[in-house]
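# Analysis of the macromolecular model
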Amino acid sequence: MIDVAAYERHQKIEAAYQRWDDFDKSPRHATHFEHGVIELMPVADATRYACKYVNGHPGNPQQGRMTVAALGILSDVASGYPVMVSEMTLLTALRTAATSAMVARHCPRPDTHTLALVGTGAQSEFQTLAIGNERALRQVRFYDIDQAAIAKYAHNMGERNLELVPCASIAEAVDGADLVTIATAVKGRQSLLTPAMLRPGLHINAVGGDCPGKIELDPAVLPACDIIVEYEPQTRIEGEIQDSGLSVTEFHEIARGQRAGRLSTDAITLFDSVGFALEDHAALNWLYANLCDAIDVDLIPAARDPLDLFAMLQPPTPTFRRAASF
Ligand code: NAD
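The present account deals with the structure reproduced in this document. Please read all numbers here as calculations on a predicted model, not as lab measurements.

## A look at helix 5 (residues 147-157)
The set of residues buried in helix 5 consists of Ala 149, Ile 150, Tyr 153 and Met 157. Burial along helix 5 is one-sided: seen end-on, the buried residues are contained in an arc of 105 degrees. Among the exposed residues of helix 5, those oriented more than 90 degrees off its buried face are Gln 147, Ala 148 and His 155. Elements in contact with the buried residues of helix 5: strand 6 (114-118), helix 4 (124-134), strand 7 (139-143) and strand 8 (163-166). Its side-chain oxygen at 2.9 Å from the backbone nitrogen of Ala 148, Asp 146 defines the N-terminal cap of helix 5.

What follows is the structure, given as structure tokens:
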């Protein structure tokens, strides 16, 4: 069992952002379908190569499946051999929450106590707990179009010393909030957060707009914000900024102390989160270092002669023959 709080405490993701120049980076490879997307997310440093396979199919819950499911692979750079294949559906929720919390360490105002949560699906509890590790949350105001998702969230988050306030609209949820996490899953251009909902000093953690043509914020919100992104070349394709030429700050500049997360008390900060492979690299390496229930699987044939792979197709050389007279 992975402890969300322990994972966040390790701060492996921020440490990876501090080593930004050590990584071979590229925007992820996305294959789009009518109902969703399948993405491959590779990244490497001098020691380890990591790649995640992940989908995003917002209609899946109606068919009894999750919107996001993932698998990860971690390889040894020196040999090119994989060292671990892992589930990454849970690990993605953990690393996405840890990434939100990492930014929440730097960007919201110090007196942040009220979280508004728009979308109470699979990511929502992870987001709440991880941000709650960074900020002294007292109240969570939450909204979802699905009453069952609201009830599920209230059940999972009960008895945690948080005042839970279910709301009847996004505007009601955001009203009075210091930090807004928005994590809905709709394949399309939504306008869920509008300029009228903004107030000075707000921090917006925008998680669900992560594909071309899939955004959550009214574009008129963007010019009012100081925008933080993970990796600009990828976010320009996939994030809230996909149709905007606005300038942005890559988070590694903040992680490396080159600029502050918050430039003024009244600034509205926006983390335009899309999910970057570096976070998966950190998560997979953390998992590899803390493995307790792993199963050894022979994924790579152990050829006796490394140049004679063909021999592995042959029946084993007999070492014993019955005597003809037996
Ligand atoms: P999910 O399908 O489990 O939950 C989405 C929730 O949003 C559902 O409960 C749905 O009812 C709700 N919703 C839809 N439209 C809404 C609206 N107008 N107002 C309020 N609620 C609404 O999905 P999930 O796994 O929780 O993921 C949420 C989003 O985050 C997805 O878009 C996913 O692609 C994205 N995501 C991003 C990252 C990242 O790194 N940035 C990582 C994982 C997932």
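## Notes on the side chain of Thr 112
As for its placement among the helices and strands, Thr 112 is situated in the loop between helix 3 (89-106) and strand 6. Owing to a relative accessible area of 1%, Thr 112 belongs among the buried residues under this scheme. A distance of 2.7 Å separates a polar side-chain atom of Thr 112 from the backbone oxygen of Arg 109. Among residues more than four places away in sequence, those in contact with Thr 112 are Arg 135, Ala 136, Asp 178 and Leu 179.

## Overview of the sheet that holds strand 14 (residues 249-250)
Strand order in the open sheet made by the eight strands is 8-7-6-9-11-15-13-14, with parallel pairing throughout. Two strands bound the open sheet, and with one partner strand each, they are strand 8 and strand 14. Bridge count for strand 6 against strand 7 is five bridges, and the pairing is parallel. What sits directly across from Leu 115, in strand 7, is Val 140. The strands that helix 5 touches are strand 6, strand 7 and strand 8; relative to strand 7, the one it contacts most, it runs at about 160 degrees.

## Observations regarding the pattern of salt bridges
In total, this model carries 19 salt bridges according to the counting rule given. The closest approach of N and O atoms between Arg 95 and Glu 279, which form a salt bridge, is 3.7 Å. Residue Arg 95 is found in helix 3, and its partner Glu 279 is found in helix 9 (residues 277-289); the two are separated by 184 residues along the sequence. Summarising the burial analysis for this pair, Arg 95 and Glu 279 share the class buried.

## A few points about the site of the ligand
Taken together, 28 residues surround the ligand, and among them Thr 67, Gln 123, Asp 144, Thr 184 and Lys 214 come closest. Interatomic distance of 2.9 Å between a backbone N/O atom of Ala 122 and an oxygen atom of the ligand. Burial of the ligand by the protein chains amounts to 90% of its free accessible area of 850 Å². Along the lines of polarity and charge, the residues of the shell around the ligand split into 13 nonpolar, ten polar and five charged.

Conventions used here
- Residues numbered from 1 in each chain as written.
- Predicted model: local features only at pLDDT ≥ 70, side-chain atom pairs only at ≥ 80, totals over all residues.
- Heavy atoms only, no water.
- Buried < 20%, exposed > 50% of the residue type's maximum accessible area, 1.4 Å probe, protein only.
- Helix = DSSP H or I, 4+ residues; strand = E, 2+ residues; numbered from the N terminus.
- Arc of directions from axis to C-beta.
- Contact = heavy atoms within 4.5 Å.
- Polar contact = N/O pair within 3.5 Å; in protein donor to acceptor, adjacent residues only side chain to side chain.
- Pairing = 2+ DSSP bridges.
- Axes fitted to C-alpha atoms, helices over the stretch in contact; angles between N-to-C directions.
- Salt bridge = Lys/Arg side-chain N within 4 Å of Asp/Glu carboxyl O.
- Near = heavy atom within 4 Å.
- Areas by Shrake-Rupley, 256 points an atom, 1.4 Å probe, with all protein chains shown as cover.
- Nonpolar A, V, L, I, M, F, W, Y, C, P; charged D, E, K, R; others polar.

Any functional reading would require information that these geometric values do not contain.
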